[in-house]
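Architecture and fold: a report
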Amino acid sequence: MYNPQLLQDIGMVVEFNFIFQVVGWQKFWSITEKGSTALTMEFLCTLNITDTGINFIFFGKEYSTPWKDFSLLLGFDVQCVVYV
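Now for a description of the structure that goes with this document. (Residues numbered from 1 in each chain as written. Predicted model: local features only at pLDDT ≥ 70, side-chain atom pairs only at ≥ 80, totals over all residues. Heavy atoms only, no water.)

**Observations regarding the sheet that holds strand S2 (residues 53-58)**
Heads up, the condition is: At least two bridges found by DSSP between two strands are what make those strands a pair. Put simply, DSSP marks the helices as runs of H or I at least four residues long and the strands as runs of E at least two long, and each gets a number from the N terminus on. Whether two residues are in contact is decided by their heavy atoms: any pair within 4.5 Å suffices. To define axes, lines are fitted to C-alpha atoms, for helices over the stretch in contact only, and angles between the resulting N-to-C directions are given on a 0 to 180 degree scale.
Taken in spatial order, the three strands of this open sheet run S1-S2-S3, and their pairing is antiparallel. If you trace the sheet from one side to the other, it starts and ends with strand S1 (48-49) and strand S3 (61-66), each paired once. Relative to S3, S2 runs antiparallel, the two being bridged by six bridges. Opposite Ile57, over in S3, you have Glu62 as the bridge partner. Relative to the sheet, helix H4 (residues 36-46) contacts S1 and S2, its axis offset from that of S2 by approximately 140°.

Listed below in structure tokens is the structure:
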């Protein structure tokens, strides 16, 4: 679990806000649905970027997905080119 005050104290809240704004995920950061914070943090804390895609844990289960599939899961257009 993360500590919101710690993120504020070390300036990461500003970093996250900037990063999410740049990639168009403003609403991703501000979701307040019950349980979403813990699941989001589980995803972000276990996110492992590789040359071929990403690995992460969600609901305690390990997942691996190639970049193109991850791009589609995020809702990007099929024609979107993924550069690694």
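Anyway, onward from the coordinates.
**Concerning the pairing of S2**
Note: S1 against S2, two bridges, orientation antiparallel. Looking at the pairing, Asn48 lines up with Asn55 of S2. The antiparallel hairpin formed by S1 and S2 contains three residues in its connecting segment. A loop of two residues connects S2 with S3, the two strands running antiparallel in sequence, and Phe59 in this loop sits at a positive phi of about 55°.

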